[in-house]
Amino acid sequence: MTVTDRSQELITVAAQAAADKLAHDIIAFDVSEVLSITDAFLIASAANDRQVRAIAEEIEDQLREKLDTKPVRREGEREGRWILLDYLDIVVHVQHSEERSFYSLDRLWKDCPEVPLPEDALATRNRPENAVTDAAGNAVSGGDL
């Protein structure tokens, strides 16, 4: 079993939204063989709590606008260190870099196949954690804050 076309569509939109808000190390795993509750996990990181929130909000906005879908569950918003968005077909984890390093979901799911991502999302694997953003989480050049 592999991710469904619908799950791939959700992952693609969510990953692009995360990349647009300067998430780093975006990766998606096909967990359909080992979990019956979802097809895929999307994991993205941010250097600060504000950016974690901005990335999660952009993912929600883009999935609602482009695919007319909302998460059935959202957790972690208050702390802003790890926001989980559950869309049933996929689960999105937006984590502060420290949480990502500590919980190491990548290592946990490394034996699962990766789900293809848009080029912008793949490019985030080399993006520095301290990429500069404004208060809304948008990319800015170093001197524009």
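None of the values given here were measured: they were computed from a predicted structure. (Residues numbered from 1 in each chain as written. Predicted model: local features only at pLDDT ≥ 70, side-chain atom pairs only at ≥ 80, totals over all residues. Heavy atoms only, no water.)

## Considerations on the pattern of salt bridges
When charged atoms on two side chains of opposite charge get close, those side chains can pair. Per the counting criterion, the structure on display carries 11 salt bridges. One salt bridge in this structure joins Glu98 and Arg81, with 2.6 Å as the shortest N-O distance. Remark: Arg81 occurs in the loop between strand E3 (73-75) and strand E4 (82-86) and Glu98 occurs in helix H3 (residues 97-103); sequence separation between them is 17 residues. Judged by its relative accessible area of 23%, Arg81 falls in the partly exposed class. Members of the salt-bridge network, linked through shared partners, are Asp49, Arg81, Glu98 and Glu99. (Salt bridge = Lys/Arg side-chain N within 4 Å of Asp/Glu carboxyl O. Helix = DSSP H or I, 4+ residues; strand = E, 2+ residues; numbered from the N terminus. Buried < 20%, exposed > 50% of the residue type's maximum accessible area, 1.4 Å probe, protein only.)

## What to know about helix H2 (residues 49-67)
For H2, spanning 19 residues, the distance from its first C-alpha to its last is 27 Å, which sits close to the expected 27 Å at 1.5 Å a residue. Residues Gln51, Val52, Ala54, Ile55, Ala56, Glu58, Ile59, Glu60, Gln62, Leu63 and Leu67 constitute the buried set of H2. For H2, the elements touching its buried residues are helix H1 (5-20), strand E2 (40-46), E3, E4 and strand E5 (90-96). A distance of 3.2 Å separates the backbone nitrogen of Arg50 from a side-chain oxygen at the start of H2, and that oxygen is part of Asn48. Where H2 terminates, the next one or two residues include Asp68, which has phi positive at roughly 50°. (Expected span 1.5 Å × (residues − 1). Contact = heavy atoms within 4.5 Å. Polar contact = N/O pair within 3.5 Å; in protein donor to acceptor, adjacent residues only side chain to side chain.)

## Overview of the sheet that holds E5
In space, the 5 strands of this open sheet follow the order E1-E2-E5-E4-E3, with mixed pairing throughout. Strands with a single pairing partner mark the edges of an open sheet, and in this sheet they are strand E1 (24-30) and E3. Along the sheet, successive strands turn relative to each other by an average axial angle of 10°, direction set aside. Of the strand pairs in this sheet, E4 and E5 are connected by 5 bridges, and their pairing is antiparallel. Along E5, the bridge assignment pairs Asp86 with Val91. On the sheet, H1 packs against E1, E2 and E5 and is oriented at approximately 0° with respect to E2. (Pairing = 2+ DSSP bridges. Axes fitted to C-alpha atoms, helices over the stretch in contact; angles between N-to-C directions.)

## Quick notes on the packing of H1 against H2
Contact geometry for H1 and H2: axes closest at 8 Å, N-to-C directions at 135°. Compared by their axis directions, H1 and H2 come out oblique. Relative to H2, H1 is oriented so that their crossing is right-handed. Contact residues: H1 offers Arg6, Glu9, Leu10, Val13, Ala14, Ala17 and Ala18, while H2 offers Ile55, Glu58, Ile59, Gln62, Leu63, Lys66 and Leu67. Here the residues of the contact of H1 with H2 are counted per class, giving 9 nonpolar, 1 polar and 4 charged. (Parallel < 35°, antiparallel > 145°, perpendicular 65-115°, else oblique. Left-handed = near helix turned anticlockwise from the far one by under 90°. Nonpolar A, V, L, I, M, F, W, Y, C, P; charged D, E, K, R; others polar.)

## Topic: the nonpolar core
With 31 residues, the main nonpolar core has Ile11, Ile26, Leu42, Ile59, Leu63, Val92 and Leu117 as its most contacted residues. If you look at the next biggest cluster of nonpolar residues, it comprises 10 residues, including Ile27, Phe29, Phe41 and Leu105. (Core = buried A, V, L, I, M, F, W, Y, C linked by side-chain atoms within 4.5 Å.)

## Considerations on the pairing of E5
Within E5, 7 of the 7 residues are buried, leaving the element largely enclosed by the surrounding structure. One ladder, built from 7 bridges, connects E2 with E5; its direction is parallel. The residue of E5 that forms the bridge with Ala44 is Val94. If you look at the hairpin formed by E4 and E5, you'll find 3 residues sitting between the two strands, and Leu88 has a positive phi there, around 65°.

## What to know about the side chain of Asp86
Note that Asp86 resides in strand E4. Residue Asp86 is classed as buried on the basis of its relative accessible area of 12%. Polar side-chain contacts of Asp86 include one of 2.7 Å to the backbone nitrogen of Leu88.

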